[in-house]
Amino acid sequence: MSFEWPWQYNFPPFFTLQPNVDTRQKQLAAWCSLALSYCRHHKLYTLDVMEAQESPMFNNKKIERKLSMEAIQVVFEELRKKGNLEWLDKNKSRCLVMWRRPEEWGKLIYQWVSKNGMVNSVFTLYELSNGDDTEGEEFHGLEEWMLLRSLQALQTDGKAEVITMDDGKGVKFF
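Residues numbered from 1 in each chain as written. Predicted model: local features only at pLDDT ≥ 70, side-chain atom pairs only at ≥ 80, totals over all residues. Heavy atoms only, no water.

**With respect to the packing of aromatic side chains**
The geometry of an aromatic ring pair comes down to the distance between the two centres and the angle between the two planes.
Moving on, step 1. Enumeration according to the criterion identifies 18 aromatic pairs in this entry.
Moving on, step 2. Relative to W105, the ring of W99 lies with its centre 5.3 Å away and its plane at 75°, an arrangement referred to as edge-to-face.
Moving on, step 3. Judged by relative accessible area, W99 falls into the buried class, the value being 10%.
Moving on, step 4. Residue class for W105 comes out buried when judged on its relative accessible area of 1%.
Moving on, step 5. By way of ring pairs, the aromatic residues F3, W5, Y9, F14, F15, W31, Y38, F58, F76 and W87 are connected into one cluster.
Moving on, step 6. Cation over ring: R100 sits above W105, and NZ or CZ is 4.9 Å from the ring centre. (Phe/Tyr/Trp six-rings, centres within 6.5 Å; stacked < 30°, edge-to-face > 60°. Buried < 20%, exposed > 50% of the residue type's maximum accessible area, 1.4 Å probe, protein only. Lys NZ or Arg CZ within 6 Å of the ring centre and 35° of its normal.)

**Points about the confidence of the model for the chain**
Moving on, step 1. Looking at the chain as a whole, the pLDDT averages 95, with 100% of positions reaching at least 70.
Moving on, step 2. Between the elements of the chain, mean pLDDT differs from a low of 91, seen in strand β8 (residues 168–173), to a high of 98, seen in strand β2 (residues 59–60). (pLDDT = per-residue confidence, 0-100. Helix = DSSP H or I, 4+ residues; strand = E, 2+ residues; numbered from the N terminus.)

**Observations concerning the pattern of salt bridges**
A side chain of one charge can pair with a side chain of the opposite charge if their charged atoms are brought near each other.
Moving on, step 1. Under the counting rule described, the total for this entry stands at 7 salt bridges.
Moving on, step 2. The residue E77 makes a salt bridge to K92 at a minimum N-O spacing of 3.8 Å. Here the residue E77 occupies a position in helix α3 (residues 69–81), and K92 occupies one in the loop between β4 (85–87) and β5 (94–97), the gap between them amounting to 15 residues.
Moving on, step 3. Of the charged contacts in the structure, one is a salt bridge between E86 and R149, with a shortest N-O distance of 2.7 Å. Of this pair, E86 sits in strand β4 while R149 sits in helix α6 (residues 144–156), and the two are 63 residues apart along the sequence.
Moving on, step 4. You can call R149 partly exposed: its relative accessible area is 26%.
Moving on, step 5. When salt bridges with common partners are traced through the structure, they connect R40, R100 and E138 into a single cluster. (Salt bridge = Lys/Arg side-chain N within 4 Å of Asp/Glu carboxyl O.)

Next up, the structure:
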């Protein structure tokens, strides 16, 4: 399944931050939506800002337009304010992208556990994110940092407990 680009992606002015406040807000909303959709489609959880500028997400070779580093920082800052992005360093060169929040992942995982009658079961983190049983589930392949945050959200809700096992971390569902 190929990624579907929004109409704005082929509109050259989209690649230049607009000076009008209202227009810029709409433009930033469109860029945020595009970035999250692109990351979701490609299952990207970590981005390097320099690499991002060269990726198709911010570089439309067909119309020979690329979003500037400054504009990418503005888009990323907007995503950070919305809770969809966290910086990994002070220089803001690498970030974590959360196209789905930890609570949402937790809910999906718990639905799967309940649907399959696995409440009161213990899993390793590997079994949950990479096991044969979760193949085909949206959370299959979820990076460990996001998986842990999702399970911590479930722990806060009293639906799970993150535990330490001989070979690392695991989780017990209630």
